Amino acid sequence: MNRKILALVSLTVASAAFAQEPVKVGLVAPFSGIAADYGKQMEGGIKAWFKLHGDTVNGRKIEILVRDTTGPNPEIAKRLAQELVTRDKVDFLAGFGFTPEALAAAPIATEAKKPMVVMNAASSVVTTRSPYIARFSMALPQVSAPMATWAAKNGIKKVYTLVADYAPGIDSESAFKKEFESKGGQVVDSVRVPLRNPDFAPFVQRIKDAKPEAVFMFVPAGEQSIAFMKAFEERGLAKEGIKVIATGDLTDDDVLNSMGDPVLGVITSHHYSAAHDSPENKAFVKAFAEVNKELKRPNFMAVGGYDGMAAIAEVVKKLGNNIDGDKAMEILKGYKAMSPRGPISIDPATRDIVQTVYIRRVEKRGNEYWNIEFDKFTDVKDPAK
Ligand code: PHB
């Protein structure tokens, strides 16, 4: 082989090898313990995106490095994020189920100039903690205020609030109260319950004694929803005519079928329901079921994973082999897409998501329970910012 051809061949081989460097995404979330499904749903949403669009963008394979916080566990989340940027040299940090985990990892993203794609953590403050954060889930005030608007418009006047005692719960309580009172409603009393393993019975009894028309609540998605509805049923609040209104975390698609008849008729506000009627969602739900045999149905964390992955792919498409944190953030700011949940965009000023918030009612179709959307608020931003 003459030298010219040899040089050409080695150049081609070298650039092909370079082009094949994977893009590394560190996915930090709980994958074991009480919130194991948070991580599994996010990863499930990412897998559904790969199923529909492939796992290679601009010639680069996207590699997911799964890291389990076992959380809620901010110290572990911070250590894992640190290791991902220093040892594994990831291009993106992603995931983050619980607000305290996202807050703990935020300084790592800032220091390393790595985009941090939040797929759940939903307290308002999260996006303010690093200029490298963009959020593809929701903010609790964004979904809580519309529930208050809807309740006031639909003749509910006296509400008792119950929230988990940490940042997302406090955000939810304040946003609901502010909006409800501005529309003429009254919050008769408010209670905050421990984040871990609350015993709902005494709180539910207090609510019963106060005789409100409804209880508005936020608890982190998962087993707590089942425990709350059980206490609500056992203490006979429904029989007293007390309604449950909540953020959709209560009727999360992942646990909805385990909640049973007490949950029928519960009204919630949220950004995603697996029952959302659109071609994009039908394709997503189908792909999700095909690649996640053990999960059955995507929930709002899965759609956060899907949309976060779509946004990462957009960055890789535009930046190719030169992924730079600052340039990536410029692309993420102002990102727009038609998501399985409906239209979404990232507000360039806050790096937080702008989206439709739906009002839904739990209904039974065949043997399954679904959050059926019947009203909506479009282009909703986080009202707390
Ligand atoms: C959070 O900690 O930010 C969080 C966790 C679970 C939810 C919503 C928010 O369902």
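Cut-offs applied
Residues numbered from 1 in each chain as written. Predicted model: local features only at pLDDT ≥ 70, side-chain atom pairs only at ≥ 80, totals over all residues. Heavy atoms only, no water. Helix = DSSP H or I, 4+ residues; strand = E, 2+ residues; numbered from the N terminus. Rg over C-alpha atoms; globule rule 2.2 N^0.38 Å. Areas by Shrake-Rupley, 256 points an atom, 1.4 Å probe, with all protein chains shown as cover. Near = heavy atom within 4 Å. Polar contact = N/O pair within 3.5 Å; in protein donor to acceptor, adjacent residues only side chain to side chain. 1 Å grid on protein atoms, 1.4 Å probe; cavity = no way out; pocket = protein on both sides within 12 Å on 5 of 7 lines; lining within 4 Å. Sits in = over half its atoms within 2 Å of the grid points. Nonpolar A, V, L, I, M, F, W, Y, C, P; charged D, E, K, R; others polar. Phe/Tyr/Trp six-rings, centres within 6.5 Å; stacked < 30°, edge-to-face > 60°. Buried < 20%, exposed > 50% of the residue type's maximum accessible area, 1.4 Å probe, protein only. Lys NZ or Arg CZ within 6 Å of the ring centre and 35° of its normal. Salt bridge = Lys/Arg side-chain N within 4 Å of Asp/Glu carboxyl O. Contact = heavy atoms within 4.5 Å. Axes fitted to C-alpha atoms, helices over the stretch in contact; angles between N-to-C directions. Parallel < 35°, antiparallel > 145°, perpendicular 65-115°, else oblique. Left-handed = near helix turned anticlockwise from the far one by under 90°. Pairing = 2+ DSSP bridges.

A. Quick peek at the overall build of the protein. The secondary structure content of the protein amounts to eleven helices and 15 strands. Against the globule reference of 21 Å for 385 residues, the protein gives a C-alpha radius of gyration of 22 Å, in line with a compact fold. Once the C-alpha set of the protein is aligned to its principal axes, its extents read approximately 90 × 45 × 35 Å. Only carbon and sulfur atoms are counted for the fraction: they give 52% of the accessible area of the protein, which is about 15800 Å².

B. Structural view of the site of the ligand. The environment of the ligand is made up of 16 residues, and the closest members are Thr99, Ala122, Tyr166, Ala221 and Asp249. Here alanine 122 contributes a backbone N or O atom positioned 2.8 Å from an oxygen atom of the ligand. In this structure, an oxygen atom belonging to the ligand sits 3.0 Å away from a main-chain N or O atom of alanine 221. In the complex, 100% of the free accessible area of the ligand, which totals 280 Å², lies under the protein chains. If you map the ligand onto the pockets, it falls in the largest cavity. Broken down by class, the residue content of the shell around the ligand amounts to eleven nonpolar, four polar and one charged.

C. Molecular detail of the packing of aromatic side chains. Evaluated as defined, the whole model comprises eleven aromatic pairs. Where phenylalanine 136 meets tyrosine 335, the ring centres are 5.9 Å apart and the plane angle is 70°; that geometry is what we call edge-to-face. Separated by 199 residues along the polypeptide, phenylalanine 136 in the loop between strand S6 (133-135) and helix H5 (140-153) and tyrosine 335 in the loop between helix H11 (325-332) and strand S12 (336-339) bring together distant segments of the chain. Residue class for tyrosine 335 comes out buried when judged on its relative accessible area of 9%. Pairwise contacts between aromatic rings join Tyr272, Phe284, Phe288 and Tyr306 into one cluster. We note arginine 297 situated over the ring of tryptophan 370; from NZ or CZ to the ring centre the distance is 3.4 Å. For arginine 361, the ring lying beneath its charged end belongs to phenylalanine 374, and the centroid distance is 4.3 Å.

D. Focus on the pattern of salt bridges. If you walk through the whole model with that rule in mind, you get 22 salt bridges. The shortest N-O distance in the salt bridge between lysine 61 and aspartate 55 comes to 2.7 Å. When its relative accessible area of 27% is taken as the criterion, aspartate 55 is described as partly exposed. Its salt-bridge partner being lysine 381, residue aspartate 347 comes within 3.3 Å of it at the nearest N-O pair. Remark: lysine 381 occurs in the segment after strand S15 (368-380) and aspartate 347 occurs in the loop between strand S13 (342-346) and strand S14 (353-365); sequence separation between them is 34 residues. Bridged by salt links that share partners, the residues Arg135, Asp352, Asp382 and Lys385 form one connected network.

E. Fine view of the side chain of serine 144. Looking at where serine 144 falls in the secondary structure, it is placed in helix H5. Given a relative accessible area of 0%, serine 144 falls into the buried group. When residues no more than four places from it in sequence are discounted, the contact partners of serine 144 are Ser172, Ala175, Phe176, Phe216 and Thr247.

F. Structural detail: the packing of helix H2 (residues 36-53) against helix H10 (residues 300-319). Running from N to C, H2 and H10 cross one another at 50°; their axes reach a closest spacing of 7 Å. Looking at the two axes, H2 sits oblique to H10. When you trace H2 past H10, the crossing you get is right-handed. Packed against H2, whose contacting residues are Tyr38, Gln41, Met42, Gly45, Ile46, Ala48, Trp49, Phe50, Leu52 and His53, the element H10 presents Met301, Ala302, Gly305, Tyr306, Met309, Ala310 and Ala313 at the interface. Of the residues assigned to the contact of H2 with H10, the class counts are 13 nonpolar, four polar and no charged.

G. A look at the sheet that holds strand S3 (residues 60-68). Pairing is mixed across the open sheet formed by six strands, whose spatial order is S2-S3-S1-S4-S5-S6. Among the strands making up the open sheet, the edge pair consists of strand S2 (56-57) and S6. As paired strands, strand S1 (residues 23-29) and S3 are joined by seven bridges and run parallel to one another. Across the sheet, the residue bridging to alanine 29 is aspartate 68, located in S3. Strand contacts of helix H3 (residues 74-86): S1, S3 and strand S4 (92-95), with the helix running at about 150° to S3, the strand carrying the most contacts.

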